[in-house]
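Chain residues, written in single-letter form:
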Amino acid sequence: MKNIFRTFACASALLALLAAPAPAQEVKAGDLVITQPWSRATPGGAKIGGGFLTIENKGAAPDRLVSVAGDIAGRIEIHEMAMNNGVMTMRPLDKGLAIEPGKTVKLAPGGYHLMLMDLKNPLKQGDKVPLTLEFEKAGKVALSLDVQGVGAPAPAHDHSGMKK
Ligand SMILES: [Cu+2]
């Protein structure tokens, strides 16, 4: 019996290692469908992390992501990153991020992203980071970011000028 248990435990451990990334999360809120919320592990001591997800608006009216909250961070902002005259710049979207009807907006490294500031704990690969997104029409939506490895493509920009 012991041996069977041990074999089973080994097989399970192996399966866990081999398993593909967890099935993509899909969260529906009103006309919005939110998929693949993820983040990236933060190297030791980093106080800033990124948040990425895809938001599809299946409705006929525009909506807007107006704010994001989560216990992990002191403050969470919605940022836009873009090339300006060959220089990567970024800014907080003070009025939020518009989600036009029939459109899919992707928050991804190099573009729109959530900025998790004043992190209370480092983000570790495999963590789930619960957040609450607030939309103008769809209201509050709870989801969690799946934390990927440090090597996952990152928003490589400097936030040193962002202190308020
Ligand atoms: Cu940012």
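In this report, we go over the structure that sits alongside the text. (Residues numbered from 1 in each chain as written. Predicted model: local features only at pLDDT ≥ 70, side-chain atom pairs only at ≥ 80, totals over all residues. Heavy atoms only, no water.)

## A word on the overall build of the chain
Moving on, step 1. Helix and strand counts for the chain stand at 1 helix and 11 strands.
Moving on, step 2. Counting from the amino terminus, the chain carries its helices and strands in the arrangement α-β-β-β-β-β-β-β-β-β-β-β.
Moving on, step 3. Across the 164 residues in the chain, those meeting the buried criterion constitute 38%.
Moving on, step 4. Taking the contacts inside the chain whose residues are at least 6 apart along the sequence as the reference set, 68% of them involve residues at least 24 apart.
Moving on, step 5. Element-wise, carbon and sulfur atoms account for 57% of the exposed surface of the chain, whose accessible area totals about 9,800 Å². (Helix = DSSP H or I, 4+ residues; strand = E, 2+ residues; numbered from the N terminus. Buried < 20%, exposed > 50% of the residue type's maximum accessible area, 1.4 Å probe, protein only. Contact = heavy atoms within 4.5 Å. Areas by Shrake-Rupley, 256 points an atom, 1.4 Å probe, with all protein chains shown as cover.)

## A few points about the packing of aromatic side chains
Moving on, step 1. A complete count under the given rule lists 1 aromatic pair for this structure.
Moving on, step 2. Judged by centre distance (4.6 Å) and plane angle (40°), the rings of Trp38 and Phe52 are tilted. Pair noted here: Trp38 is in strand 2 (residues 32–40) and Phe52 is in strand 3 (residues 49–57), with a separation of 14 residues, a long-range link.
Moving on, step 3. Given a relative accessible area of 18%, Trp38 falls into the buried group. (Phe/Tyr/Trp six-rings, centres within 6.5 Å; stacked < 30°, edge-to-face > 60°.)

## Some thoughts on unusual backbone geometry
Moving on, step 1. Even without glycine at this site, Gln36 takes up a positive phi of about 50°.
Moving on, step 2. In this fold, Gln36 is placed in strand 2.
Moving on, step 3. Given a relative accessible area of 48%, Gln36 falls into the partly exposed group.
Moving on, step 4. Even without glycine at this site, Asp118 takes up a positive phi of about 55°.
Moving on, step 5. The class of Asp118 is partly exposed, set by a relative accessible area of 43%.

## With respect to the pattern of salt bridges
Moving on, step 1. Scanning the model with the defined rule gives 4 salt bridges in all.
Moving on, step 2. The shortest N-O distance in the salt bridge between Arg75 and Glu77 comes to 3.0 Å.
Moving on, step 3. Its salt-bridge partner being Asp146, residue Lys128 comes within 2.5 Å of it at the nearest N-O pair. One end of the pair, Lys128, is in strand 10 (residues 128–135); the other, Asp146, is in strand 11 (residues 139–148), with 18 residues separating them in the sequence.
Moving on, step 4. Looking at Asp146, the relative accessible area reads 17%, which means it is buried. (Salt bridge = Lys/Arg side-chain N within 4 Å of Asp/Glu carboxyl O.)

## Points about the environment of Gly51
Moving on, step 1. Position of Gly51 relative to the elements: it lies in strand 3.
Moving on, step 2. In contact with Gly51, not counting residues within four places along its chain, are Trp38, Leu107, His113, Leu114, Leu116 and Leu145.

## Some words on the pairing of strand 11
Moving on, step 1. Of the strand pairs in this sheet, strand 2 and strand 11 are connected by 3 bridges, and their pairing is parallel. The residue bridging Ser39 from the neighbouring strand is Val147, located in strand 11.
Moving on, step 2. Here strand 10 pairs with strand 11 via 8 bridges, running antiparallel. Of the residues in strand 11, the one forming a bridge with Pro130 is Ser144.
Moving on, step 3. Two successive antiparallel strands, strand 10 and strand 11, enclose a turn made up of 3 residues. (Pairing = 2+ DSSP bridges.)

## Side note on the pairing of strand 10
Here is the key point about a regular strand: its side chains alternate between the two faces of the sheet.
Moving on, step 1. Along strand 10, the buried face is formed by Val129, Leu131, Leu133 and Phe135; none of Lys128, Pro130, Thr132 and Glu134, which line the opposite face, is buried.
Moving on, step 2. Sheet topology note: the strand 4 (residues 63–69)/strand 10 ladder contains 4 bridges and is antiparallel. Bridge pairing in strand 10 places Ser67 opposite Glu134.

## Quick look at the environment of Tyr112
Moving on, step 1. Relative to the assigned elements, Tyr112 resides in the loop between strand 8 (104–107) and strand 9 (113–119).
Moving on, step 2. For Tyr112, a relative accessible area of 28% translates into the label partly exposed.
Moving on, step 3. C-alpha of Tyr112 to C-alpha of Ala82: the two residues are 30 residues apart in sequence and 8.6 Å apart in space.
Moving on, step 4. Tyr112 has contacts with His79, Glu80, Leu93, Leu97, Val105, Lys106 and Leu107, leaving out every residue within four places of it along the chain.

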